[in-house]
Structures are given as structure tokens and as C-alpha cells.
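# Per-entry structural report
The residues making up each chain are set out below.
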Amino acid sequence: MTRGSEWPEWAGRGLAVETPMPVVELSVAERNVRKLQDACDKAGVANWPHIKTHKSVAMARLQVEAGAAGLTCQKLGEAEIMADAGFTDILISYNILGAAKLSRLAALARRVRLTVSCDSGMVADGLSGAMRDADAPLPVLVECDTGRHRCGVPDVPAAVALARRIAALPGLAFAGLLVYPPNGKAADTRAFVEAVRRGCAAHGLAVAIVSSGGTPNVRHAGEAGETQYRSGTSIYNDRQMIAAGAAAPEDCALFVHATVVSAASRGRVIVDAGSKALTSDLGGLAGYGLLVDYPGASLYQLAEEHGFVDMSQCARPPALGEVVRILPNHVCPVSNLFDRIALTRDGKDAGWLTIDARGRVA
């Protein structure tokens, strides 16, 4: 078999699972958890890993036992699952809107030490309405856009104004800032943060928390002036992280195993992992995943249950019925596609991982 020599032989080679199925090598995931914690400890920042990658109580527990100060959740539903499992310190890094969700938020805040983020007066007003009768104010971080152009207030005056509004609203407490710097732009984010800090201080407000994140920026943890760090993908890593220089092949813990179900066309095979098993995210990469045992192959198209693989640049195609390993472009959506995924330790069967927060996207 033609195999990329840089890829370890583990990752479940020979594991008998029905495909398509993600397989996680525990020894690598555990090492990745330790590396993130060590990076945060070295930088002097609290580790708040993002559970959106694994969506699993067992993996979250592994992270907390390694030293994480709390958990970051992207959605309220994820946070509820983690609270049900007994985790007590949770950050939701997402705007929460709507009466039903605000009612759930208030209930959750009675159960755990909860912090949320916000980037508008409308969101802040909704949070206040839900929390005005609470026993303790809800800590709120102002989300700031420091160059990624997703969510977040766009400039320093807007950040200061929103901080002041939060501080004045009943049921809320201004707690600091939440940022998601562009890769390699920690210095620019730090300048933004320090300007907001000065602006808030002029109005008697302290920026106690600065929450930053992003797996490619872990190597720059602390450089943006943060007190907390959020990283999700680093527990498994993926093709995007390798391309960003944030991971090496040996740091990748999850591969999707797929079976060649058709080899009827010359130079092409079909595998049973389509868009319902692999993410459609390209992330600037060519193809929808890397067949690590056939580095010349191109997974060029996905249908729901079919992956189309061009084998014309390989010495030979995989045989009909052969199981191949696919490194996803973006591992986070893959977890959300399965109720459970297979585990190995040193390549040997280690049971199953339940995806407890699967589908909790609201």
C-alpha cells in the first residue's frame, strides 16, 4: 500500500468498525489536552477549552482533570449538557436572543457559575430582562471584533459604550472582553484591548477578564493580553490545523474510517463517507479530506452518502471493500454527525465515546 510515511500506523488500523465511523486515538487526544494545558500554564492564562469540537462529557472531564479552569460552550444547549454532567464553571461565547432561550439561560445561571458574551445593546437588554430578579448578577463579556470580522463590536468607542450599558443594567455585571484574534495578530488585538481597558477605566469600569482563543494562536497565548484562553480543535486537530502550522500529522487524533463501496470507473473510487460523515468545509484546502494512506488521492466531491475520490495520481487504487482513513478538513462538525465514535488506545479497541451534546446547536 502507498502510505504517507509521516502518518503513524495507529489511528485504528485494523479496527473492526462499521463505516463510516470516526475513530479517536486516545493517547494522542490525551497528549493534546496536556499540551494545551501546559501552554496556558506557561503563558499564565486560565485554560477554558471549547467543547464544540468533541461535544463529549468524557472529553470535557479529561480537560478539567488536566487543569482547565472552566469550559467554553458555543451554544446554550451544549452548556446545559455540561451542567447536567456536573461541570460548574461555564462560558457561553455566543449572543443569546429570544424569550425561550433567555428563560433557559436564567435557569442555567441558577445552577452553575455562568459567564456570557454580548456584542449589542439589544442582546444586553435581553440578558438583563432575564436576570433582573436573579440572586446574583450575570457576568457579561463584551465581544470585540479585532480583525476576524465575525461577531463583535467593531471599534474601541463601541466596546466602551457597551461595557457602560451592561454595567448599568439590572441583573448584569460587566466582567471584561471576549476576542477571537486573526491568526498571528495577537499584537493588534492587544492594542485594541489596552485601548478599551483605558476607556473603561475612565468611567470607573475594570476589565477583569480578557478571553481570547483559537487553536492556531495557542503558540501566542498571553500575547493578546488575555487572562483566559479558549481552544477547541487542538484536542483532535485536523487538516486545517496542519495547514496553519498549528499541528503535525502525529498530533491528529481523529480519522474517519470509510469503505470503498464502488470501483466501477477507472481512476476513481467511491467511499461510503459523504456529507453526512464529513464536513463540507474546505477551509482553503483542495478536496474534502485527506486519504492518509493514499496521499495522491483527491476526495473531490461529496454527496450525502458518497465520497468521490480521484485516484489517477496513485500507483494503484484501494481495493473494493478496503477501509481507508480520512483526515477531515475541519474536525469540529464531524463530531456533531455521530451519536458515538470509536476509540482506540495504541491502535487497539478502547470502546466508544458518546457525543453527549450532539445536535445541541440551539
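Presented here is a report on the structure given in the accompanying data block. For clarity, every value in this text was computed on a predicted model and none was experimentally measured.

## Focus: the environment of leucine 91
One can find leucine 91 in strand β4 (residues 89–92). Take leucine 91: its relative accessible area is 2%, and that puts it in the buried class. Excluding residues within four positions of it along the chain, leucine 91 makes contact with Trp48, Leu71, Thr72, Cys73, Thr115, Val116, Leu141, Leu178, Ser211, Gln228 and Arg230.

## Quick word on the side chain of arginine 325
Looking at the element boundaries, arginine 325 is found in strand β15 (residues 323–327). Only 2.6 Å separates the side chain of arginine 325 from the side chain of aspartate 293, close enough to count as a polar contact.

## Here we look at the sheet that holds strand β8 (residues 209–213)
The strand order across the open sheet formed by 8 strands is β2-β9-β8-β7-β6-β5-β4-β3, and the pairing between neighbours is parallel. Only two strands of the sheet have a single neighbouring strand rather than two, namely β2 (46–47) and β3 (71–73). Bridge count between β4 and strand β5 (residues 113–118): 4 bridges; the pairing is parallel. Pairing of isoleucine 92 across the sheet is with valine 116, part of β5. Relative to the sheet, helix α3 (residues 76–84) contacts β3 and β4, its axis offset from that of β4 by approximately 175°. Where helix α6 (residues 156–168) meets the sheet, its contacts fall on β5, β6 (138–144) and β7 (172–179), and the angle it forms with β6 comes to roughly 165°.

## Quick look at the pattern of salt bridges
Within this structure, the stated rule accounts for 13 salt bridges. Where lysine 35 meets aspartate 251, a salt bridge forms, and the shortest distance between an N and an O atom there is 3.2 Å. Of this pair, lysine 35 sits in helix α1 (residues 26–43) while aspartate 251 is found in the loop between α8 (239–243) and β10 (254–262), placing the two residues 216 residues apart along the sequence. Overall, lysine 35 belongs to the partly exposed group, its relative accessible area being 43%. On the accessibility criterion, aspartate 251 (9% relative accessible area) is buried. Its salt-bridge partner being arginine 104, residue glutamate 80 comes within 2.8 Å of it at the nearest N-O pair. Residue glutamate 80 is found in helix α3, and its partner arginine 104 is found in helix α4 (residues 99–109); the two are separated by 24 residues along the sequence.

## So, the packing of α3 against α4
Following both chains from N to C, one finds α3 and α4 inclined at 25°, their axes separated by 11 Å at the closest point. Between α3 and α4, the angle falls in the class roughly parallel. For the pair α3 and α4, the sense of crossing is left-handed. Of the residues in α4, those in contact with Leu76, Gly77, Ala79, Glu80 and Ala83 of α3 are Lys101, Arg104, Leu105 and Leu108. Here the contact of α3 with α4 is composed, by residue class, of 5 nonpolar, 1 polar and 3 charged.

## Description of empty space enclosed by the protein
Remark: the empty space left among the atoms is shown by a probe the size of a water molecule rolled over them. Counted by the stated rule, this structure contains 2 cavities of 30 Å³ or more. By volume, the largest cavity amounts to about 60 Å³. Around the largest cavity sit Glu143, Cys144, Asp145, Thr146, Arg148, His149, Arg150, Cys151, Val179 and Tyr180, which together line it. The residue inventory of the lining of the largest cavity, partitioned by class, reads 4 nonpolar, 2 polar and 4 charged. One number sums up the size of the second largest cavity: a volume of about 50 Å³. Along its surface, the second largest cavity is lined by Pro181, Pro182, Lys185, Ala186, Ser212, Asn217, His220, Ala224, Glu226 and Tyr229.

The rules behind each value
- Residues numbered from 1 in each chain as written.
- Predicted model: local features only at pLDDT ≥ 70, side-chain atom pairs only at ≥ 80, totals over all residues.
- Heavy atoms only, no water.
- Helix = DSSP H or I, 4+ residues; strand = E, 2+ residues; numbered from the N terminus.
- Buried < 20%, exposed > 50% of the residue type's maximum accessible area, 1.4 Å probe, protein only.
- Contact = heavy atoms within 4.5 Å.
- Polar contact = N/O pair within 3.5 Å; in protein donor to acceptor, adjacent residues only side chain to side chain.
- Pairing = 2+ DSSP bridges.
- Axes fitted to C-alpha atoms, helices over the stretch in contact; angles between N-to-C directions.
- Salt bridge = Lys/Arg side-chain N within 4 Å of Asp/Glu carboxyl O.
- Parallel < 35°, antiparallel > 145°, perpendicular 65-115°, else oblique.
- Left-handed = near helix turned anticlockwise from the far one by under 90°.
- Nonpolar A, V, L, I, M, F, W, Y, C, P; charged D, E, K, R; others polar.
- 1 Å grid on protein atoms, 1.4 Å probe; cavity = no way out; pocket = protein on both sides within 12 Å on 5 of 7 lines; lining within 4 Å.
- Points joined across faces, edges and corners; volume = space filled by probe spheres on them.

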